[in-house]
Amino acid sequence: MSLISNRDIFFKHIAQTSPAPIGLEIVKAEGIYQYNAAGKKYLDLISGFSVANIGHSNSTVIEAVQQQAAKFMHLIVYGEFVESPQTNYAKLLTQYLPTTLDCVYFTNSGAEATEGAMKLAKRATNRTNIIAFNKSYHGSTQGALSVMGDEYYRNSFRPLLPGILHVDYNSDEVFELVNENTACIILETIQAESGITVPSKKWMQQLREICTTQGALLILDEIQAGFGRTGTLWAFEQFDIVPDILLLGKALGGGMPLGAFIANKKLMQTLSFNPVLGHITTFGGHPVSCAAGKAAFEILLKEKYINDVKQKEDILISHLNHPSIKKVNHFGLWASLQFQSAEIAQRIIHNCLNNGCITDWFLFAPDCLRIAPPLIIQHDEILQACNIISGAIEEEII
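Residues numbered from 1 in each chain as written. Predicted model: local features only at pLDDT ≥ 70, side-chain atom pairs only at ≥ 80, totals over all residues. Heavy atoms only, no water.

## Things to note about the overall build of the protein chain
- Looking only at helices and strands, one finds 13 helices and 15 strands in the protein chain.
- Counting only C-alpha atoms and orienting by the principal axes, one finds that the protein chain spans roughly 60 × 50 × 45 Å.
- Considering the protein chain as a whole, with its 398 residues, one finds that 52% of them fall into the buried category.
- Across the protein chain, the fraction of contacts at a sequence separation of at least 24, relative to all contacts at a separation of at least 6, is 72%.
- With 30 positive and 38 negative side-chain charges, the protein chain shows a separation of 4 Å between the mean positions of the two kinds. (Helix = DSSP H or I, 4+ residues; strand = E, 2+ residues; numbered from the N terminus. Buried < 20%, exposed > 50% of the residue type's maximum accessible area, 1.4 Å probe, protein only. Contact = heavy atoms within 4.5 Å. Lys, Arg positive; Asp, Glu negative; His and termini not counted. Charge placed at Lys NZ, Arg CZ, Asp CG, Glu CD.)

Structure (structure tokens):
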């Protein structure tokens, strides 16, 4: 009787999202490393797309998951019962946020946080239009897709939500478009999938000001940028602004599925009437996910990993100086390396993988290599990663 491998099952029974998935069979992950079925060790330079900010398989997070699973898991639709994993985590999060962001709506994912935030903006302002940005990414569900900033990904799924205006990120054009019909402006504090694009501080402050004067809500997406990735707990701190709604996900769950949109209590209450259950989810804020997320957040704060991000950023950038790298964009432990073409970047990414280092590309910058390691990465490991990348580039040149 022939045995069917997990790889065969993967390609036969798991829905594929691209014609050529990476296809690694990982059997163990610990710290900044992942291990395949043959025992090969990979240095993880993307952290599950900024999920594993404190690394993989942290023992404290595992213990929190086990203890909560033993008490209870799913009980009832979200928001009806008092569940301590949710209340404890919401309290902790709001202690580290501005006072105007004091009410948390937990979801299953960042995309669902986007959906909830758009509904909240429309409900609270009684307006219909949304301004978003080209090369933005806020998730892949129908509403989140509508504000995604790329027609290649949107076109096959039309019709999408009406009333969406897209403008260039960090462009003054947006200021001419905000009016009495604008429910919100939604943007990533640091735009990720364009290859780590950082806006000017002045521009961000002008966005905050025009939203305030025009009565529109400012939604900042920190699904990837949050939890220390940029060198501060929240990226918006570096721009001296506060959003009306904050989107979180990725590292929020400590490796478990979890998202959230956060606003002030008065604003959030508008989802509870006219209609009642204005936004609802069955598994959002799952108690095991909240327990894991809280444990991971506490570790991030206790171990002060964020304090070292800027120093580690300097080490990383100073050792990525190969002449084949056309441009380096970076902000915290988050960088993109641009090459001559997408084809060259893909081959270098493949070389990195062969040499034991997991990297990837960007949706709207396929000619760039992604770097976003766990924040726990040590200096010698950063140098190791840089050496692997440099070697991968040399292989491409040869």
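## A look at the packing of aromatic side chains
- In the structure shown here, the tally under the stated rule is 15 aromatic pairs.
- For the ring pair Phe227 and Phe297, a centre distance of 5.5 Å and an interplane angle of 85° mean the geometry is edge-to-face. A residue pair is termed long-range when its members are at least 10 positions apart, and Phe227 in the loop between strand 8 (217–221) and strand 9 (245–248) and Phe297 in helix 10 (residues 287–303) qualify at 70 residues. With respect to class, Phe227 is no different from Phe297; both count as buried.
- Here the aromatic cluster, defined as three or more aromatic residues joined through ring pairs, consists of Tyr89, Tyr96, Phe106, Phe227, Trp234 and Phe297.
- Across the ring face of Tyr33, the terminal group of Lys41 is positioned such that the distance to the ring centre comes to 4.1 Å.
- One Lys or Arg, Arg123, reaches over the ring of Phe273 and ends 4.9 Å from the middle of that ring. (Phe/Tyr/Trp six-rings, centres within 6.5 Å; stacked < 30°, edge-to-face > 60°. Lys NZ or Arg CZ within 6 Å of the ring centre and 35° of its normal.)

## Section: helix 3 (residues 59–71)
- Compared with an ideal rise of 1.5 Å per residue, which puts 13 residues at 18 Å, helix 3 spans 19 Å between its outermost C-alpha atoms and is within 8% of the ideal.
- Among the residues making up helix 3, those that are buried are Val61, Ala64 and Gln68. An end-on view of helix 3 places all buried positions within 60° of arc, on one side of the element. Among the exposed residues of helix 3, those oriented more than 90 degrees off its buried face are Ser59, Gln66 and Ala70.
- Close packing links the buried residues of helix 3 with helix 4 (84–95) and helix 10.
- The opening residue of helix 3 is Asn58, an N-cap whose side-chain oxygen sits 2.9 Å from the backbone nitrogen of Thr60. (Expected span 1.5 Å × (residues − 1). Arc of directions from axis to C-beta. Polar contact = N/O pair within 3.5 Å; in protein donor to acceptor, adjacent residues only side chain to side chain.)

## Brief notes about the sheet that holds strand 10 (residues 259–263)
- Strand order in this open sheet of 7 strands is 4-10-9-8-7-5-6, and the pairing throughout is mixed. In the strand order of this sheet, the two ends are held by strand 4 (103–107) and strand 6 (164–167), each with one partner. Ignoring strand direction, the axes of neighbouring strands in this sheet form an average angle of 20°.
- Pairing of strand 9 with strand 10, which is carried by 3 bridges, proceeds in the antiparallel orientation. Note that in strand 10 the partner of Leu248 across the bridge is Ala260.
- Lying on the sheet, helix 8 (residues 201–214) is in contact with strand 5 (129–133), strand 7 (182–188) and strand 8; it crosses strand 7 at an angle near 160°. (Pairing = 2+ DSSP bridges. Axes fitted to C-alpha atoms, helices over the stretch in contact; angles between N-to-C directions.)

## Here's the deal with the sheet that holds strand 2 (residues 33–36)
- Read from one edge to the other, the open sheet built from 4 strands follows the order 1-2-3-13, with strand pairing classed as mixed. The outermost strands of the open sheet, each flanked by one partner alone, are strand 1 (26–30) and strand 13 (357–358).
- The pairing of strand 3 (residues 41–44) with strand 13 spans 2 bridges and is classified as parallel. In the strand pairing of strand 13, Asp44 is matched with Ile358.
- Sheet contacts for helix 13 (residues 379–397): strand 2, strand 3 and strand 13; angle to strand 3, the most-contacted strand, approximately 105°.

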